[in-house]
Amino acid sequence: MLRKAHIFHHNDADGRFSAFIMYQYLKKYRRQYRKTKFYEIDYVQEIDLDTIFDQDLIVFLDYSFSNKRNLAALQRAIKAGKEIIWIDHHKSSEEALHAINRDGYGECNMDNLNTFYDNMFSATKLTYTWALSHILKNRDRADEYLYCEMPAVLDYINAWDLWKHDKIEKCEEFIYGLEASPYSPKSLAMDIFGSNNYNIFVDDPKYIEKMNAWIESKIKIGEIIKADRMSTYSKWIDKMAFVVGIKDEINHTTLIGVAMNVNATSLAFMDLYNQYDFVSPFHQTRDGYWKYSFYSHRKDVNLDYYAGLLGKCSELGGVSGGGHPSAAGAILDKCIWNGNYATITIYKSKFSKKTKIRIE
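Below or above, wherever it landed, is the structure these notes cover.

Rules used throughout
Residues numbered from 1 in each chain as written. Predicted model: local features only at pLDDT ≥ 70, side-chain atom pairs only at ≥ 80, totals over all residues. Heavy atoms only, no water. Helix = DSSP H or I, 4+ residues; strand = E, 2+ residues; numbered from the N terminus. Contact = heavy atoms within 4.5 Å. Pairing = 2+ DSSP bridges. Axes fitted to C-alpha atoms, helices over the stretch in contact; angles between N-to-C directions. Core = buried A, V, L, I, M, F, W, Y, C linked by side-chain atoms within 4.5 Å. Buried < 20%, exposed > 50% of the residue type's maximum accessible area, 1.4 Å probe, protein only.

## What to know about the environment of Ile-41
- In this fold, Ile-41 is placed in strand β2 (residues 35-41).
- Taking C-alpha positions, Ile-41 is 9.2 Å from Asp-12, a pair spaced 29 residues apart along the chain.
- Dropping the residues within four chain positions of it, Ile-41 is found in contact with Phe-8, His-9, His-10, Asn-11, Ile-47 and Tyr-63.

Written out as structure tokens, the structure reads:
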């Protein structure tokens, strides 16, 4: 009997490749799911799971339920007994899983919720590992396959999403080339291998050769794009960069950073990335929210903690926040970097002892 599946994935390379791998898995090994629909989403978008309750399978990939309304929708789906697969690597997802149990959903039939979480790997690698463990009928020991050899493209996506660009040569160039033209979970097999019948879980020398050639083609395009962007980034820094700070009175820590009102990654800050404790590109989205990103080269800085606090701050209209220790983000109603030396102060309320945030 044909069954229907909805795949929700984040709107970046990690999310799209995760969805591509899941689509390959369902098509090759769970063939009853012939009707598959993809939803590319950002964390701030509200998901109304009530409208898709006629689906037999709901999949979330590279998606953090840091938005409380979306977490409530997930909980309703779990309680309704829908089969759900959730694979992610954001710290806020781990917290959400604890919240589900804390709210009493552990008393329901949780066999319908299949999760795989590890913040040391990209969602793409986690999805591949999860699928492989099911194919090999060793589903309860998926983590054993995390260190096995995987298709080369997964290493590029993993290094990029975890901000470990220096681990793979030409990683930045590959991503620039990849993002230069549209791609989707359904189109990737045709783009890379020239065939929709390719099985990414089976080693085949001719397909490995095709993948390597595809990677090289993207790198060549990316090299041209990178040279042009470096010139643009230099102009941005001259005109828009300004100093900001995070003052953590609870942990007695002060971080000095630099911010720019641009829709970009840490690469836009060039050498400033290594000169400051953190960098923070930010911009206003079409729906009026302020989206902030935080990146740091320091191994002793946990940006996920600060982004998570911002995302939960009602005074700032926090919608969501979190990510990884060295790369995180928050979505707010208000602008926090409102001028040179703008500072976020983290402190404890004298009366309630709650963690509070003050913008100075």
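Let's pick the thread back up.
## A look at the sheet that holds strand β5 (residues 113-117)
- Strand order in this open sheet of 5 strands is β2-β1-β3-β4-β5, and the pairing throughout is parallel. The open sheet is flanked by β2 and β5, the only strands paired with a single partner. Within this sheet the neighbouring strands show an average axis-to-axis angle of 10°, counted without direction.
- Note: strand β4 (residues 83-88) against β5, 5 bridges, orientation parallel. Paired with Trp-86 across the two strands is Thr-115, which belongs to β5.
- Lying over the sheet, helix α4 (residues 123-135) contacts β3 (57-61), β4 and β5, oriented at roughly 135° with respect to β4.

## Remarks on the nonpolar core
- Among the nonpolar cores identified, the biggest contains 71 residues, and Phe-17, Met-22, Phe-174, Leu-178 and Phe-201 are the most heavily contacted of them.
- The dominant element in this core, judged by the number of residues it contributes, is helix α1 (residues 13-29), at 9 residues.
- Beyond its immediate stretch of four places on either side in the chain, Phe-17 contacts Thr-124, Val-153, Ile-157, Leu-178, Tyr-183, Leu-188, Ile-192 and Trp-214.
- Leu-255, Val-301, Tyr-306 and Trp-337 belong to the second largest nonpolar core, which has 27 residues in total.

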